[in-house]
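Results of the structural survey
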Amino acid sequence: VKYRQLNYDLSDGEFFTENSPSTGTGLASLDGGLYFDRHTSVGNKNLLQTLEPRLYYLYSDYENQTDQPDFDSAELTFTYNQLFRETRFSGRDRLDDANQLSLGLTSRFISEDTGREQFSASIGQIFYFEDREVRLSPIAPPLDQSGSEVAGELTWDPNERVSLRSNLQYDPYSGDMNAGNFSVNYKPGDGAVYNVGYSYRRPLTLTTLQEATEQAHFSAYIPMGRTWALFAALNYSVEAQESVEDMIGIEYDTCCWKFRLLHLRYFDTVPGQIPDFRDPELEREYSTQFQIVLKGMGGFGNRVEGLLEDMIRGFEEREL
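Keep in mind it's a predicted model, so treat the numbers as computed, not measured.

Quick word on the overall build of the protein
- A tally of regular secondary structure across the protein gives one helix and 20 strands.
- Over its C-alpha atoms, taken along the principal directions, the protein stretches across nearly 60 × 60 × 45 Å.
- Looking at the protein as a whole, 38% of its 320 residues qualify as buried.
- Carbon and sulfur atoms make up 54% of the accessible area of the protein, which totals about 18,500 Å².
- Within the protein, one finds 28 positive and 51 negative side-chain charges whose respective centroids are separated by 8 Å.

Observations concerning the packing of aromatic side chains
- Going through the model one piece at a time under the given rule, you end up with 10 aromatic pairs.
- Measuring from ring centre to ring centre gives 6.3 Å for Y8 and F71, while their planes differ by 45°; the resulting arrangement is tilted. Placement of Y8 in the loop between β1 (2–7) and β2 (22–33) and of F71 in the loop between β4 (45–60) and β5 (74–75) is noted, with a sequence separation of 63 residues between them.
- A relative accessible area of 12% means that Y8 is categorised as buried.
- Here R132 stacks its cationic end above the ring of Y128, 3.5 Å away from the centre of that ring.

Some thoughts on the nonpolar core
- Grouped together as the largest cluster of nonpolar side chains are 14 residues, with contacts concentrated most on Y221, F231, M247, L262, L264, L308 and I312.
- Broken down by secondary-structure element, the contributors of at least two residues to this core are β16 (228–237), β18 (257–267) and α1 (302–311).
- Of all the elements, α1 adds the most residues to this core, at four residues.
- If near-sequence neighbours (up to four positions away) are discounted, L308 is found in contact with F231, M247, R260 and F315.
- Of all hydrophobic cores here, the second largest spans 11 residues; its members include L27, L58, F84 and I126.

A closer look at the environment of Q100
- Relative to the assigned elements, Q100 resides in strand β7 (residues 98–111).
- Distance in space between the C-alpha atoms of Q100 and R132 is 9.9 Å, their sequence separation being 32 residues.
- Once residues within four sequence positions are removed from consideration, Q100 is found in contact with Y56, Y57, L58, I126, F127, Y128 and F129.

Some words on a nonpolar patch on the surface
- A surface patch of nonpolar side chains, amounting to about 530 Å² of accessible area, comprises M224, W228, L230, I250, L261 and F290.
- Within the element layout of this structure, W228 appears in strand β16.

Brief notes about unusual backbone geometry
- Its identity is not glycine, yet N44 carries a phi of approximately 65°, on the positive side.
- Along the chain, the position of N44 falls in the loop between β3 (36–42) and β4.
- With relative accessibility at 80%, the residue N44 sits in the exposed group.

What to know about a negative patch on the surface
- A surface patch of like charges, here negative, comprises E130, D131, E133 and D144.
- By secondary structure assignment, the location of E130 is in the loop between β8 (117–128) and β9 (150–156).
- Classification of E130 as partly exposed rests on a relative accessible area of 45%.

Topic: the layout of surface pockets
- Here the second largest pocket is characterised by a volume of approximately 210 Å³.
- Together, K2, R4, Q5, L6, E86, T87, F89, G91, R92, R94, L95 and D96 line the second largest pocket.
- The dominant element in the lining of the second largest pocket, judged by the number of residues it contributes, is β1, at four residues.
- In terms of residue class, the lining of the second largest pocket is made up of three nonpolar, three polar and six charged.

Calculation notes
- Residues numbered from 1 in each chain as written.
- Predicted model: local features only at pLDDT ≥ 70, side-chain atom pairs only at ≥ 80, totals over all residues.
- Heavy atoms only, no water.
- Helix = DSSP H or I, 4+ residues; strand = E, 2+ residues; numbered from the N terminus.
- Buried < 20%, exposed > 50% of the residue type's maximum accessible area, 1.4 Å probe, protein only.
- Areas by Shrake-Rupley, 256 points an atom, 1.4 Å probe, with all protein chains shown as cover.
- Lys, Arg positive; Asp, Glu negative; His and termini not counted.
- Charge placed at Lys NZ, Arg CZ, Asp CG, Glu CD.
- Phe/Tyr/Trp six-rings, centres within 6.5 Å; stacked < 30°, edge-to-face > 60°.
- Lys NZ or Arg CZ within 6 Å of the ring centre and 35° of its normal.
- Core = buried A, V, L, I, M, F, W, Y, C linked by side-chain atoms within 4.5 Å.
- Contact = heavy atoms within 4.5 Å.
- Patch = residues over 30% accessible without salt bridge, like charges linked within 9 Å, V, L, I, M, F, W, Y side chains within 5 Å.
- Salt bridge = Lys/Arg side-chain N within 4 Å of Asp/Glu carboxyl O.
- 1 Å grid on protein atoms, 1.4 Å probe; cavity = no way out; pocket = protein on both sides within 12 Å on 5 of 7 lines; lining within 4 Å.
- Points joined across faces, edges and corners; volume = space filled by probe spheres on them.
- Nonpolar A, V, L, I, M, F, W, Y, C, P; charged D, E, K, R; others polar.

Coordinates in, geometry out; function isn't part of it.
In structure tokens form, the structure reads like this:
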């Protein structure tokens, strides 16, 4: 049980009805589940299989927030993990209302020899008992669906070098597969990382569906000996038939200092909107960045490291 309070001190602006809006809401949640396991074997491998049902109830009061600004909040992308979060917004500018029950089920296969999880599957859905009235836009209507999409998640790690991940969101009310992605990650053991992926998304806006988007993803970090490394990433739009974001760079790493240089191309898009990459007027941006690190003393250009972590799944700093 908790209470959330939000206060602002704003300068005069045409979009604010008052300079010091505030709001507060109470929130309560109840989270519980069961854990079952059994010993089994697959292909002469001894495994522990689990079955984990989970129930999560969330209640949050409604307060009118139409007079409050939205500086950095957005609706979180719906995935299986969203079933058990206490808010549907990122940022701090909205305190959402809720009266809902989430049901989830997970099963795992864990190696009894190494303790490593080799396979897991999860599925779940949220059931809403009241409309959700708090929205990012003051003129947006309440969300009145009685249930969320059905979210599924699969992971498979056949060995220590290969991992496969997949997420699906299915709308049982319309019969549409609203989102899905599949990715393969390969780490050969020499510090290298290779990724291949595909994503499909049919974005929801209020109560309507936008045109589906499809993207393929490729990324790699390739050490060239003990000091040099190459890295690259590409997000390719299937419908536009061109790259919508790509990066290429080089790294030099010694015992005392490290240097990275990268070049990034991307489209300048409006946050929170799904761009049409086939639009000839969509502007492409270019950025060249570098990072220097004096080991043990810090450095500058930390955004380069953040880009590598975001665009190359599984990237980790090398230790000489």
